[in-house]
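Structural features, examined
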Amino acid sequence: QNVIQAKQSISQSLLNSIMYIFNTFSVTDNFSFSGIDLNLELTWESGQNYDFLNSINGILWREVEHSDNKHIVEMNLQDGSFISSDSTLSKNDFIHTISTEFGSPKYRVLETIENTTTRFDPMILQIESIDTIQRFTNWISGLAQNVIVRKVDFVNQKNGQNPKAVFYIAVYDDSFQS
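Residues numbered from 1 in each chain as written. Predicted model: local features only at pLDDT ≥ 70, side-chain atom pairs only at ≥ 80, totals over all residues. Heavy atoms only, no water.

**Brief notes about the pairing of strand 7 (residues 119-128)**
- Burial analysis of strand 7 places seven of its ten residues in the buried class, which makes it a mostly covered element.
- Alignment of strand 5 (residues 106-109) against strand 7, held across four bridges, turns out to be antiparallel. Paired with R108 across the two strands is I124, which belongs to strand 7.
- Counted between consecutive antiparallel strands, the loop separating strand 6 (residues 113-114) from strand 7 contains four residues. (Buried < 20%, exposed > 50% of the residue type's maximum accessible area, 1.4 Å probe, protein only. Helix = DSSP H or I, 4+ residues; strand = E, 2+ residues; numbered from the N terminus. Pairing = 2+ DSSP bridges.)

See the structure below:
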C-alpha cells in the first residue's frame, strides 16, 4: 500500500503541474509537453516568457533550447502532493466512467502486470480538445487512490486544431494480496 501511495503522490504532483500550466500558460500553436513521474518537458513557439514557471513552488527548471522563437524547458517537479480521496475504482468502473463522462475517448487496456506486492491494469487513453483535456485532468486529479497517472503527452499543432493528450494510467487492484 505504501508503494501505491508513493506513486499516487508523484502522479498528483504531475497532474497539479499540468493543471497549473493550462491555467497560466497561453496554450498556442506548436505547444507540447511530455511528463513522466516527476519530470516534465515543455516545448513552445511564441513570445511567451518564463514568468509562469517561477510561480510553481518547489520546481527546478532549466532551458534546454532557445532559438529564434522556440523554447524547450525541462522541469523537475517536487514530490509531496497528497490525494484527498480514500476511495478506489475498479478497472471496469473507471472505463465505464470515462466512456460516459468524456464522450467515449479512445483507450486501450494492456495486459495486467503483477509482481510480488502489486497488481495493476495499465491503460493508454487519448483525450481531444483543450477543454476536454483540462476537464479530464481536473477530474482524474484526486479521483481515487488506486488510479495513478504515470505519463502524459500533450500536443497542440501549428494550426491549433486537434489538440490531444495521451494519458498513461495504471489502475491498481487494491484487493491484491501477495
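What follows continues from the structure just given.
**Describing the environment of S99**
- Among the structural elements, S99 can be located in helix 3 (residues 91-101).
- A polar contact of 2.9 Å, which involves the side chain of S99, links it to the backbone oxygen of I95. (Polar contact = N/O pair within 3.5 Å; in protein donor to acceptor, adjacent residues only side chain to side chain.)

**Remarks on the nonpolar core**
- Among the nonpolar cores identified, the biggest contains 41 residues, and L42, F94, F167 and I169 are the most heavily contacted of them.
- In terms of residue count, the dominant contributor to this core is helix 1 (residues 2-24) (five residues).
- In this structure I169 touches F94, D121, P122, M123, L125, F136, I140, V147, I148 and V149, once residues within four positions along its chain are discounted.
- One finds I4, F120, A170 and Y172 within the second-largest nonpolar core, a separate group that totals five residues. (Core = buried A, V, L, I, M, F, W, Y, C linked by side-chain atoms within 4.5 Å. Contact = heavy atoms within 4.5 Å.)

**Concerning the environment of I113**
- Along the polypeptide, I113 turns up in strand 6.
- Separated by 57 residues in sequence, I113 and A170 place their C-alpha atoms 9.6 Å apart.
- Apart from the residues within four sequence positions on either side, I113 is in contact with T118, R119, F120 and P122.

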